[in-house]
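Each chain, letter by letter, is given below.
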Amino acid sequence: LLLEGGEIYYEGFQKVAVMTLNVFLGLIGYAMVASVVAFFTQNTTISIITFVALISNMVLTILNLASLATDKLEFLREYTLSYHLSESNNTLFTQLLVPDSGFTMPFETWGVTLIYIVVASILGILVLNKVEIKEGK
């Protein structure tokens, strides 16, 4: 591109890097929740199923379907990490498609991810203090 005299679109690289950081932080948050499930149940299969369900936005899909039946559960969607990741990545993707449309950092999503990590760490410590880990077979 540079040999042909073209310009590099640095803002696009920045937006892709932020989207990648969003996904990476989301994976860490989901892994922390899955590790608490692993500590509590002492079953790796259930922990892996939990991790896959969180990554695939299954929880958000279930809440979306439940909100179709009743409006009382609709507010729960906004408290999930999946919702915040989906919203911020959609916003960044539309900003990537439309150059010069501005750029917003997803600080709210990062804050929710940090809350997931901190709460899961505290719960993991509490569960590890209460539960004796069994030796694997």
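All of these numbers come straight from a predicted model, not from anything done at the bench.

What counts and what doesn't
- Residues numbered from 1 in each chain as written.
- Predicted model: local features only at pLDDT ≥ 70, side-chain atom pairs only at ≥ 80, totals over all residues.
- Heavy atoms only, no water.
- pLDDT = per-residue confidence, 0-100.
- Helix = DSSP H or I, 4+ residues; strand = E, 2+ residues; numbered from the N terminus.
- Contact = heavy atoms within 4.5 Å.
- Core = buried A, V, L, I, M, F, W, Y, C linked by side-chain atoms within 4.5 Å.
- Buried < 20%, exposed > 50% of the residue type's maximum accessible area, 1.4 Å probe, protein only.

Participant: Can you help me understand the confidence of the model for the protein chain in this one?
Facilitator: Predicted coordinates in areas of low pLDDT are best not read in detail. Mean pLDDT for the protein chain: 83, with 88% of residues reaching 70 or above. Between the elements of the protein chain, mean pLDDT differs from a low of 84, seen in helix 3 (residues 58-69), to a high of 91, seen in helix 2 (residues 44-55).

Participant: What exactly am I supposed to notice about the side chain of Ser 88 here?
Facilitator: Note on placement: Ser 88 falls in helix 4 (residues 81-97). Beyond its immediate chain neighbours, meaning those up to four positions away, Ser 88 contacts Asn 22, Pro 106 and Thr 109.

Participant: Looking at this structure, how should I read the side chain of Asn 22?
Facilitator: Take Asn 22: it is sitting in helix 1 (residues 10-41). Here Asn 22 is in contact with Leu 85, Ser 88, Asn 89, Leu 92, Pro 106, Thr 109 and Trp 110, once residues within four sequence places are set aside.

Participant: Explain the nonpolar core here, please?
Facilitator: The tendency in soluble globular proteins is for nonpolar side chains to be buried side by side. Grouped together as the largest cluster of nonpolar side chains are 5 residues: Tyr 30, Leu 54, Leu 81, Leu 85 and Val 112. The residues touching Leu 54, leaving out its near neighbours within four places in the chain, are Tyr 30, Val 33, Val 59 and Ser 82.

Participant: How should unusual backbone geometry be read in this particular structure?
Facilitator: Excluding glycine, most residues fall at negative phi; most peptide bonds, likewise, are trans. Phi angles above zero are rare outside glycine, and Gln 42 is one such case at about 55°. Position of Gln 42 among the secondary structure elements: in the loop between helix 1 and helix 2. When its relative accessible area of 29% is taken as the criterion, Gln 42 is described as partly exposed. For Asn 57, which is not glycine, the phi torsion reads 60° and is therefore positive. Here Asn 57 lies in the loop between helix 2 and helix 3. When its relative accessible area of 27% is taken as the criterion, Asn 57 is described as partly exposed.

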